[in-house]
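Structural overview for review
Listed here are the chains, written in short residue letters.
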Amino acid sequence: MPLVQENLTRTVASSGTATAAFQNHSLGLGVFIPTIDSATITFHGCATEDGTYAAVKDSTATLIAVSASTGNFWLDGDFIARFKYIPWMKVVLGAAQTGGARTITICRERTAE
């Protein structure tokens, strides 16, 4: 089956730290983060869209985190492959955004319907 790439956006509110949930299709995922206050980026996941989200950790119980600072930042598909079995996710910034709301773009790949 052919693959389809989709781009969607989620906002981190001014003084907030997390995006709204998005569905992870597990075939490929990239995250574009525009200008942000210096932060560590982590991810929260859940089995359902409206369930309780928890921090995503690796097999050694270490938080999966990426250091980021003001400017553009891409996470490649190999890194994101760690999230293969997490159907719903949020991007979480380690510091509240003091300069206004931030728009995060999620690029995901899925099988065409």
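See the structure above.
Below is a short write-up of the structure. (Residues numbered from 1 in each chain as written. Predicted model: local features only at pLDDT ≥ 70, side-chain atom pairs only at ≥ 80, totals over all residues. Heavy atoms only, no water.)

Below, the discussion takes up the overall build of the protein. Looking only at helices and strands, one finds 1 helix and 9 strands in the protein. The helix and strand sequence of the protein, counted from the amino end, reads β-β-β-β-β-β-β-α-β-β. Per-residue burial over the protein gives 39% buried out of 113 residues. Counting every atom, the protein has about 6100 Å² of accessible surface; 50% of that belongs to carbon and sulfur. (Helix = DSSP H or I, 4+ residues; strand = E, 2+ residues; numbered from the N terminus. Buried < 20%, exposed > 50% of the residue type's maximum accessible area, 1.4 Å probe, protein only. Areas by Shrake-Rupley, 256 points an atom, 1.4 Å probe, with all protein chains shown as cover.)

What follows concerns the pairing of strand β8 (residues 88–93). Here β8 lies mainly inside the structure; 5 of its 6 residues are buried. Sheet topology places strand β2 (residues 22–23) next to β8; 2 bridges connect them, and they run antiparallel. Residue pairing in the sheet places Q23 in a bridge with W88 of β8. The pairing of strand β4 (residues 39–46) with β8 spans 6 bridges and is classified as antiparallel. Note on β8: the bridge partner recorded for F43 is V91. (Pairing = 2+ DSSP bridges.)

To continue, consider the nonpolar core. Counting residues in each nonpolar core, the largest one holds 23 residues, and the members touching the most others are F43, F83 and V91. Elements supplying a minimum of two residues to this core: β1 (3–12), β3 (28–33), β4, β6 (65–68), α1 (77–80), β8 and β9 (102–111). (Core = buried A, V, L, I, M, F, W, Y, C linked by side-chain atoms within 4.5 Å.)

Within the secondary structure layout, T42 lies in strand β4. In this structure T42 comes out as buried when scored by relative accessible area, which is 10%.

Within this structure, the stated rule accounts for 1 aromatic pair. Between F43 and F83, the aromatic rings sit 4.8 Å apart at their centres with planes inclined by 50°, giving tilted as the arrangement. Taken together, the residues span a long stretch of sequence, with F43 in strand β4 and F83 in the loop between α1 and β8 at a distance of 40 residues. Comparing F43 with F83 shows no difference in burial state: the two are buried. Sitting over the ring of Y53, K90 keeps its end group 4.4 Å from the ring centre. (Phe/Tyr/Trp six-rings, centres within 6.5 Å; stacked < 30°, edge-to-face > 60°. Lys NZ or Arg CZ within 6 Å of the ring centre and 35° of its normal.)

Scanning all chains against the criterion turns up 1 salt bridge. In this structure, the salt-bridge partner of E6 is R108, at a minimum N-O distance of 2.8 Å. With E6 in strand β1 and R108 in strand β9, this pair connects stretches of sequence that are 102 residues apart. Looking at R108, the relative accessible area reads 13%, which means it is buried. (Salt bridge = Lys/Arg side-chain N within 4 Å of Asp/Glu carboxyl O.)

Another aspect to go through is the environment of I41. Note on placement: I41 falls in strand β4. Distance from I41 to S67, taken between C-alpha atoms, is 6.2 Å for residues 26 residues apart in sequence.

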